[in-house]
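# Fold and contact review
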Amino acid sequence: MTKHTFSCVEGHTEGMPVRMVVSGGPELQGATMNHRRLYFVEKYDWIRRALMLEPRGHGQMSGTIFYPPLSASADFSLLFIETSGCLPMCGHATIGSVTFALESGLVKPKTPGQVVVDVPAGQVTAKYVMNGDKVESVRFTNVPSFLLHKDVEIEVSQLGKLKVDIAYGGNFYPIVEVQENFSGCEHFTPEQLLEMGREVQQRVNQALDVIHPDNPQIRGVKHCMWTGRAVAGDSHARAVVIAGNLIIDRSPCGTGTSARVAQRFARGLLCEGEEFRHESLILSRFIGRVESKTRLESGLDAVYPSVEGRAYITGRGEHYVDDTQPYAQGFDLSEFAKLSV
Ligand code: PYC
């Protein structure tokens, strides 16, 4: 019998779950967090499945494994584990993990007021504000983000022809703005957005080979952003992000907000330093900004976006994975055949 124990801090960022593994994670090999991510996927994907999927997790679970810093300038490293796989970057999980690490005393920042985190997509710096022993907000500056393709035409069964922009903010997002065949996310149920979001991912991947211009290991679309009119008078827009097959992001999505900030800047709809208050399905909010302009090695114009939000610890837990138990390594309902035809 093999029994593994994982100690976790549990919580959420603007409503989206974050389960941060603080002990029990495997030792990883590789010179960068991206190499380590690939190593983890090859050897240890069962840990992601066991901790994210049912019966220990659920369709909306999302998390990280906390590691010591990899580079000399970093305070710690993160590996992202999601129901959809191991993402290069996850914004809400970064805000959550920075908050949890500081509030749990797991990190002593080299520079008070900021932490530097090695992640598979590169390195991100997060500034934080404390109120007593609580972290009030975290604002991380993301990896270079950019608009890659404009007005890509696809056809989605329930809607017809759509034009989408494909932008990168640590993950690739087809962004569906309000248009003739799409009246806004507020006119659809979350389940409809999930189903149509899966189809958008498929259609975009059929239409284009979406590849990061500087890093061909980052390729393909696994997300979709539906946009709409904000409910709060002081928010600028609303967004519902679908990640993989299962996730309907409860937060406005950190990498999605970064992608939208880059898209809006490239389209002349947002200025450097201006706030973009992005509202989620459940009306929580991230503030996105263009911190500075940059250029990719391949020559494409990009920006460094920042995303600001709040996270909360809701508990601590130990999860056991005992190989002799049924479903020890988790299950996803969609992997089973349809029960009724
Ligand atoms: O916040 O970047 C994010 C994210 C990715 C998938 C779900 N949330």
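My aim in this report is to walk through the structure given alongside it, one point at a time. Keep in mind the model is a prediction, meaning the values are calculated, not measured. (Residues numbered from 1 in each chain as written. Predicted model: local features only at pLDDT ≥ 70, side-chain atom pairs only at ≥ 80, totals over all residues. Heavy atoms only, no water.)

## Considering the layout of surface pockets
Size it by volume and the largest pocket reaches roughly 450 Å³. Forming the boundary of the largest pocket are 26 residues, of which P120, A121, G122, Q123 and N215 lie nearest the centre. Contributing elements (two or more residues each) for the lining of the largest pocket: α1 (33-52), β5 (114-119), β6 (122-131), β12 (215-219) and β17 (285-295). When grouped by side-chain class, the residues that make up the lining of the largest pocket number 12 nonpolar, 10 polar and 4 charged. Structurally, the lining of the largest pocket is a two-domain feature, drawing no fewer than three residues from each of domain 1 (3-141 + 313-338) and domain 2 (146-295). Size it by volume and the second largest pocket reaches roughly 230 Å³. Contributing to the lining of the second largest pocket are 16 residues, with R37, C86, P88, R219 and K222 lying nearest its centre. Among the secondary structure elements, those contributing two or more residues to the lining of the second largest pocket are α1 and β12. Grouping the amino acids of the lining of the second largest pocket by side-chain chemistry returns 7 nonpolar, 6 polar and 3 charged. Each of domain 1 (3-141 + 313-338) and domain 2 (146-295) gives at least three residues to the lining of the second largest pocket. (1 Å grid on protein atoms, 1.4 Å probe; cavity = no way out; pocket = protein on both sides within 12 Å on 5 of 7 lines; lining within 4 Å. Points joined across faces, edges and corners; volume = space filled by probe spheres on them. Helix = DSSP H or I, 4+ residues; strand = E, 2+ residues; numbered from the N terminus. Nonpolar A, V, L, I, M, F, W, Y, C, P; charged D, E, K, R; others polar. Domains from an automatic or database assignment.)

## Quick look at the pairing of strand β14 (residues 237-243)
Counting buried residues in β14 gives 7 out of 7 residues, a clear majority hidden from the surface. Here β14 shows two buried faces, one formed by A237, A239, V241 and A243 and the other by R238, V240 and I242. Relative to β14, strand β13 (residues 223-228) runs antiparallel, the two being bridged by 6 bridges. Paired with T227 across the two strands is A239, which belongs to β14. Where β14 lies against strand β15 (residues 247-248), 2 bridges are found, and the strand directions are antiparallel. Note on β15: the bridge partner recorded for I242 is I248. Remark: 3 residues form the turn of the hairpin made by β14 and β15, two consecutive strands paired antiparallel; G244 in that turn has positive phi of roughly 65 degrees. (Buried < 20%, exposed > 50% of the residue type's maximum accessible area, 1.4 Å probe, protein only. Pairing = 2+ DSSP bridges.)

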